[in-house]
Amino acid sequence: MIQEDEQKYEPQAVRRTAEYAESSRASRGWWDRNADEYQMEHGTFLGDDRFVWGPEGLDEAEARLLGPAESLKDLPVLEIGAGAAQCSRWLAAQGARPVALDLSHRQLQHALRIGTGFPLVEADAGALPFADGSFGLVCSAYGAVPFVPDAVKVFREVRRVLRPGGRWVFSVTHPVRWAFPDEPGPEGLSVAASYFDRTPYVEQDEQGRAIYVEHHRTVGDWVRALVTGGFRLLDLVEPEWPEWNGQEWGGWSPLRGHLIPGTAIFVCEREEPGA
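From a predicted model like this one, the values you see are computed outputs, not experimental measurements.

Criteria and cut-off values
Residues numbered from 1 in each chain as written. Predicted model: local features only at pLDDT ≥ 70, side-chain atom pairs only at ≥ 80, totals over all residues. Heavy atoms only, no water. Pairing = 2+ DSSP bridges. Helix = DSSP H or I, 4+ residues; strand = E, 2+ residues; numbered from the N terminus. Axes fitted to C-alpha atoms, helices over the stretch in contact; angles between N-to-C directions. Contact = heavy atoms within 4.5 Å. Expected span 1.5 Å × (residues − 1). Bend = angle between axes of the 7 residues up to and from the residue. Core = buried A, V, L, I, M, F, W, Y, C linked by side-chain atoms within 4.5 Å. Buried < 20%, exposed > 50% of the residue type's maximum accessible area, 1.4 Å probe, protein only. 1 Å grid on protein atoms, 1.4 Å probe; cavity = no way out; pocket = protein on both sides within 12 Å on 5 of 7 lines; lining within 4 Å. Points joined across faces, edges and corners; volume = space filled by probe spheres on them. Nonpolar A, V, L, I, M, F, W, Y, C, P; charged D, E, K, R; others polar. Phe/Tyr/Trp six-rings, centres within 6.5 Å; stacked < 30°, edge-to-face > 60°. Lys NZ or Arg CZ within 6 Å of the ring centre and 35° of its normal.

Caption draft 1: Focus on the sheet that holds strand E4 (residues 120-122). Read from one edge to the other, the open sheet built from seven strands follows the order E4-E3-E2-E5-E6-E10-E9, with strand pairing classed as mixed. If you trace the sheet from one side to the other, it starts and ends with E4 and strand E9 (231-237), each paired once. Sheet twist, expressed as the mean angle between neighbouring strand axes with direction ignored, is 20°. Relative to strand E5 (residues 135-141), strand E2 (residues 76-80) runs parallel, the two sharing three bridges. If you follow leucine 78 over to E5, its bridge partner there is valine 138. Contacts from helix H6 (residues 219-228) reach strand E6 (162-173), E9 and strand E10 (263-270), with the element oriented near 150° to E9.

Caption draft 2: Layout of helix H1 (residues 20-46). With 27 residues, H1 should reach 39 Å at 1.5 Å per residue; the first-to-last C-alpha distance of 29 Å falls well below that figure. Along its length, H1 shows its largest kink, about 55°, at asparagine 34. Remark: glycine 47 follows H1 within two positions and exhibits a positive phi of approximately 75°.

Caption draft 3: How the structure looks around the nonpolar core. Counting residues in each nonpolar core, the largest one holds 32 residues, and the members touching the most others are Leu78, Ile80, Phe155, Trp168 and Phe170. When contributions to this core are tallied by element, the ones reaching two or more residues are E2, strand E3 (97-102), E5, helix H5 (151-161), E6, H6 and E10. With near-sequence residues (within four places) excluded, phenylalanine 155 lies in contact with Val145, Trp168, Phe170, Trp222, Ala225, Leu226, Gly229 and Phe231.

Caption draft 4: Region of the structure containing empty space enclosed by the protein. Applying the stated criterion across every chain yields a total of one cavity of 30 Å³ or more. For the largest cavity, the calculated volume is near 50 Å³. Lining the largest cavity are Pro146, Val172, Thr173, Pro175, Trp178, Glu214, His215, His216, Arg217 and Trp222. Across the lining of the largest cavity, the residue classes tally to five nonpolar, three polar and two charged.

Caption draft 5: Expanded view of the packing of aromatic side chains. Across all of its chains, the model carries 20 aromatic pairs by this definition. Between phenylalanine 170 and tryptophan 222 the ring centres are 5.7 Å apart and the planes differ by 50°, which places this aromatic pair in the tilted class. Here phenylalanine 170, found in strand E6, pairs with tryptophan 222, found in helix H6; they are 52 residues apart in sequence, far enough to count as distant. By the burial criterion, phenylalanine 170 is buried, and tryptophan 222 matches it. Taken together, a centroid distance of 5.9 Å and an interplanar angle of 40° make the contact between tryptophan 222 and phenylalanine 266 tilted. Here the residue tryptophan 222 occupies a position in helix H6, and phenylalanine 266 occupies one in strand E10, the gap between them amounting to 44 residues. In this structure, tryptophan 222 and phenylalanine 266 share a single accessibility class: buried. Ring-pair connections join several aromatic residues into one group, and the members of that group are Trp30, Trp31, Tyr38, Phe45, Phe147, Tyr201, Tyr212 and Trp249. One Lys or Arg, arginine 50, reaches over the ring of phenylalanine 45 and ends 5.7 Å from the middle of that ring.

Below is the structure:
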């Protein structure tokens, strides 16, 4: 019989500050611990070689937010927060030359398990290990940027490794969701917090150490960070929930998806001086 003091500690959810080093350490540990469960639970929906922008199921094959299909051929592409590299695998099938980067070693092991014909890199998005102008396109589907306190730092790194005129496209939880409970049912439809409260969401262990951190920004915050980071915003896409998608994914569900946006996709271009 398990004694009370031997029972697994349930992380405490709080709202508090979390600096870059703590956030990065928490993210690496959380994804290493949870990669197996994540891929088992969501692998079928994500596929092995699909590029899905979020739980709504918007597919890049239809959306074409990265640019025309012909523009991807032979294009060096960096995927940030690649997980098991499903998106990079799709890019490779279009003739692109992807590099899949993730902070989590275990996530990249799943990429190897599925199979790759392109480089996998374990690194932090705030310190990209590539030369200036290495890529013609950088993309991320729910990867890295929601988990760092300094988005401008990441955006400047992305701009650095992009060629002039290169595109940066990424998706995150829609900022309006932060005002609602993270529940897929009716309880997730009533405002419970201020949209303007930027205090990070933190799960911490019994010693108060962060084991999961997510940072909230308003829509305006994201736009200002992009401009400061050296980008021009071309489009902001808010996918509607499609009728075919009946799945629940955490706080995402058909009920909520038909009423409030769940994902924001920022389509950006590297700003050039004097442009």
